[in-house]
Amino acid sequence: MNAVRKAVNIFAPAAQKSEDGRDKWSSRPAFVLAAMGGAIGLGNILRYPSIVFNNNGLQWFIPYFIALFFLGIPVLLLEISIGQAYRGGCIIAYDHISKRTKGVGLAVIFNGYVVTTYYVPILCFVMNYFRNSFTSPLPWTGRPSEFYMDDVVNNVDPIPGTFNSDGSVATYTEYPGTGMVPETTGWAAFIFFVVWLCMFKGVGLTGRVVYFTMGIPIVTIIILIGRAGALPNAIDGIKLYMGVWCVLSPSSSTFRATPIPNVDYEHSEKLGAPKIWQEALGQIFFSIGVGFGYFTSYASYNSEFANAVQDALIIGCSNSLFEIFAAFAVFGVIGFIGRRPDPENPLSSFQVGFLTYPEAVVNMPGANFWSILFFFTLMLLGISSSFALLESITTMITDSPMGKKISRPIISTVIVIVTFLISLMYCTEFGFYLLDAVDTWINYLALFFVVWCEVVSVTMIYRYKDVVSQVGLPAFLIFNGGYLTAQIFGLVIAHATDIPGAGAGFAFGIFFLCFAISLFISRTPDTIAPRFWGGNVFLNKMWWLWFYSGNQLTRDLNVHVAVGNNWAIPVFWAPILRFVSAPILAIVFSFAYPAFYPNRGDPTHIFGFAISHLVMIFVVGGLVVPKALDVFVPESHREMRDIPTVPNVTIGTTHGQESLESGHYTPDGTKSVEK
């Protein structure tokens, strides 16, 4: 028995401990690679090329990079910083923002967990192809679509529903297949076992595994890019990717571009249309992985004084660079097989991985080798994302008072078994259609709503009592009520009238009206705002209403993340979150409801749409009954969340602070108190 225990400890060593007794990563590269493993997955290899293909041309990169730098990286920095500073998973981290925002943390965990339940069944399709890659000739030769749908997915075709002339549902879509797909079920059990092996001992084991699950795919992707680029006519596919620029002609409402044969530019997506922006934002959020919880959970195992700003930039930029360069392999294949964009039949993520690339591999010399390499790469990337997605709920339980009494291996084992049992509904003869529906609504509804809640809570609710003490409760409520009303009802009006300008006009009008009223009724602050904001009463009030919560969060987090030579969170970070990220997220979130209407007769879409709304119940429930989630918060952390009302005073301590009777002073000379 001792020999077995020693062997296990060699393979899966116990995690090192931080000064506060919390498990910690063995090194900074281990954390960065683990976080990148969660971010880089099937979405980078399959989803990204399909979306770019449907929006081909350099104009794609405008919304993409705007989404990366104004949404993806700022939110990524938020999730990493609060996990690292507050030494806990999502619920504990958001409990430190406010005791009423714990529901946001639970909603984030829910998102990641639901994705895990259907992400592994997608990997089952990958494993099916991987197994068949050892057969020569490849079994999908001459029948790629039939092999994918009949041999791999193996679902029974649904019976479409019908609608009455008034738009009501006459008959709902029926799914006659209810049995289990044996191979998909078997692979699901195998993959969950591998996921368990990668995470059951915590970050001590995970920190070793990620060198393998991330290192090998980087090498294999480079090899695949070289092979795809050498294929005949690969340059045509590369041109579709980066060789054209679609512009709006002054005399026409259609795009023009340097022509490529068989490309219908008359129907290219306009840069001003919502679809390209929705897909760019969706890609950034899905591929980076914000809103799923594992960044906060992983960062909680960092040193309290790690360089969070630099880590966030490394992870966010590496994720985008990986998918941008990996797409050359897919577009080389697209040029090789002669596929061109068709607005009536857009390319899907599943087609890239299970139709387009396998179809091209058949015609390559050494087809079996390239097929094995491609699907092995997908398998490794998918597994690293899977155990990252499960980490948020595992950390939530291990951090809870009850979870501290149970060993991590037992908790991990129970979570993996329960998740496997839930995932079996996607292994059925209707599971593929259910998977597609749940994926749609989790990503386009729940994800955007949850991240919007994250952004709003940290820039509006954090230390709100300080704001109330300076300007008064009525002014605080009216201003923030206008901020929320502008976003919510502005979008309602825009969709109801089908006139975006009307919604925007209402939103700006109600926001500035409420701002004017709040200025008129607010008290004159007795604490002067910093820099030029303290120059007069108007600017002073404006600073407290507009910027205080986000600015104070920046200062409080910098106590932890900006120690020594670490990069500090910049002052413009919080304003970007509140006045750029939040409105954009609200706009993209609003697109989900019109998109549901055509699918209202499909039970799988009804199910996915319904469970996506659970995040709203979690957020509102935590707001109304905050004590209900205290079961996940240790007593020591509950004491730390009670921040005194001390306007403009930085909470926390750093190395080298001078201790005073009333608290501490931070290195920049601003007053500080210890939580």
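Thresholds, definitions, all that
- The residue count restarts for each chain, going from 1 along the sequence in the order it is written.
- Owing to the predicted nature of the model, reporting of local features is limited to residues with pLDDT of at least 70; listing and counting of side-chain atom pairs is limited to 80 or more, with chain, interface and lining totals taken over all residues.
- As a rule here, side-chain values cover all heavy atoms of the structure and leave hydrogens and water aside.
- UniProt positions are given in the numbering used here, feature names are shortened, and annotations may be inferred rather than shown by experiment.
- Runs of H or I in DSSP of at least four residues are treated as helices and runs of E of at least two as strands, each being numbered from the N terminus.
- Computation of the radius of gyration draws on C-alpha atoms alone. For the globule rule, the value is 2.2 Å times the number of residues to the power 0.38.
- Any residue under 20% of the maximum accessible area for its type is buried, any over 50% is exposed, and the rest in between are partly exposed; the area is computed with a 1.4 Å probe on protein chains only.
- Positive charges are assigned to Lys and Arg, negative charges to Asp and Glu, while His and the chain termini are left out of the count.
- By convention, the charge on Lys lies at NZ, on Arg at CZ, on Asp at CG and on Glu at CD.
- The term salt bridge refers to a pairing of a side-chain nitrogen on Lys or Arg with a carboxyl oxygen on Asp or Glu at a separation within 4 Å.
- The span expected for a helix works out to 1.5 Å for each residue beyond the first.
- Contacts are assigned to residue pairs that have any heavy atoms within 4.5 Å of one another.
- In what follows, a disulfide is any cysteine sulfur pair within 2.5 Å.
- Ring pairs shown here join Phe, Tyr and Trp side chains whose ring centres sit within 6.5 Å, with only the six-membered ring taken for Trp; geometry is labelled stacked below 30 degrees between planes, edge-to-face above 60, and tilted in between.
- Ring-over charges, as used throughout, are those where CZ of Arg or NZ of Lys falls within 6 Å of the ring centre and within 35 degrees of the ring normal.
- Contacts described as polar in this section are N or O atom pairs within 3.5 Å, which, within protein, must combine one atom able to donate a hydrogen with one able to accept it, while residues neighboring in sequence count only if both atoms come from side chains.
- Bend, in this description, refers to the angle at a residue between axes fitted to the seven residues ending there and the seven starting there.
- Note on scores: pLDDT gives the predictor's confidence for each residue, bounded by 0 and 100.
- Angular values range over 0 to 180 degrees, each being the angle between N-to-C directions of two axes fitted as lines to C-alpha atoms, with helices fitted over their stretch in contact.
- Note on angle classes: values under 35 degrees are labelled roughly parallel, values over 145 roughly antiparallel, values of 65 to 115 roughly perpendicular, and the remainder oblique.
- Each helix crossing is assigned a hand: it is left-handed if the near helix lies turned anticlockwise from the far helix by less than a right angle, otherwise right-handed if that turn is clockwise.

- Where an unreviewed UniProt entry is consulted, the protein chain appears under the name Creatine transporter, with the organism given as Cadophora malorum.
- According to the UniProt record, the Subcellular location (unreviewed entry) comment for the protein chain reads "Membrane".

**Remarks on the overall build of the protein chain**
Thought 1: Each helix and strand counted, the protein chain has 27 helices and 10 strands in total.
Thought 2: Computed over C-alpha atoms, the radius of gyration of the protein chain comes to 26 Å, within 12% of the 26 Å expected from 2.2 N^0.38 for 675 residues, which places it in the range of a compact globule.
Thought 3: With the principal axes as the frame, the protein chain shows a C-alpha extent of 80 × 80 × 50 Å.
Thought 4: Going through the 675 residues of the protein chain one by one, you find that 59% of them count as buried.
Thought 5: Across the protein chain, the centroid of the 38 positively charged side chains sits 8 Å from that of the 42 negatively charged ones.

**Structural notes on the pattern of salt bridges**
Thought 1: By the definition in use, this model includes 12 salt bridges.
Thought 2: One connected set of salt bridges, linked through shared partners, spans D95, K102 and D630.

**Some points on helix α8 (residues 182-199)**
Thought 1: Counted at 1.5 Å a residue, the expected span for α8 with its 18 residues is 26 Å, and the 26 Å between its end C-alpha atoms agrees.
Thought 2: Within α8, the full set of buried residues consists of T184, T185, W187, A188, I191, F192, V194, V195, C198 and M199.
Thought 3: The secondary structure elements touched by the buried residues of α8 are α6 (102-132), α7 (144-153), α9 (203-229), α15 (367-399) and α16 (408-423).

**Description of the state of the cysteines**
Thought 1: Applying the stated criterion across every chain, the model contains 0 disulfides.
Thought 2: A disulfide-free cysteine, C427 has its sulfur positioned 5.2 Å from the sulfur of C124, the nearest such atom.

**Remarks on the packing of aromatic side chains**
Thought 1: Within the structure shown, the criterion is met by 66 aromatic pairs.
Thought 2: With 5.0 Å between their ring centres and 75 degrees between their planes, F369 and W370 make a pair best called edge-to-face.
Thought 3: Taking the centre distance of 5.2 Å and the plane angle of 40 degrees together, the rings of W546 and F579 count as tilted. Taken together, the positions of W546 in helix α21 (residues 537-546) and F579 in helix α23 (residues 573-590) put the pair 33 residues apart, joining distant regions of the chain.
Thought 4: Residue W546 is classed as buried on the basis of its relative accessible area of 12%.
Thought 5: Cation over ring: R578 sits above Y483, and NZ or CZ is 4.6 Å from the ring centre.
Thought 6: Looking at R600, its charged tip hangs above the ring of Y597, at a distance of 3.6 Å from the centre.

**A word on the side chain of H613**
Thought 1: Examined against the element boundaries, H613 turns out to sit in the loop between α25 (603-612) and α26 (614-624).
Thought 2: Of note is the side chain of H613, whose polar atom sits 2.7 Å from the backbone oxygen of F609.
Thought 3: Apart from residues lying up to four places away in sequence, H613 is in contact with L445 and Y593.

**Observations concerning α23**
Thought 1: An ideal rise of 1.5 Å per residue puts 26 Å on 18 residues; α23 measures up with 24 Å between its terminal C-alpha atoms.
Thought 2: In the structure, α23 departs most strongly from a straight axis at S581, where the bend amounts to approximately 35 degrees and where the proline P583 lies between one and four residues downstream.

**Some details on the confidence of the model for the protein chain**
Should pLDDT be low for a region, the predicted coordinates there are not to be read in detail.
Thought 1: Per-residue pLDDT for the protein chain has a mean of 87; in total, 90% of the residues score no lower than 70.
Thought 2: Below pLDDT 50 for its whole length, residues 247-269 participates in 43 contacts with residues either more than four positions away or in separate chains.
Thought 3: When the criterion is pLDDT under 50, residues 653-675 qualifies, and its contacts beyond four places in sequence or with other chains add up to 57 contacts.

**A closer look at the packing of helix α2 (residues 28-39) against α9**
Thought 1: Between α2 and α9, whose axes approach to 9 Å, the crossing angle comes to 55 degrees. By the criterion of interaxial angle, the relationship of α2 to α9 is oblique. Like other packed secondary-structure pairs, α2 and α9 cross with a definite hand, here left-handed. For the pair α2 and α9, contact is made by P29, A30, L33, A34, M36 and G37 and by G207, V210, Y211 and M214, respectively.

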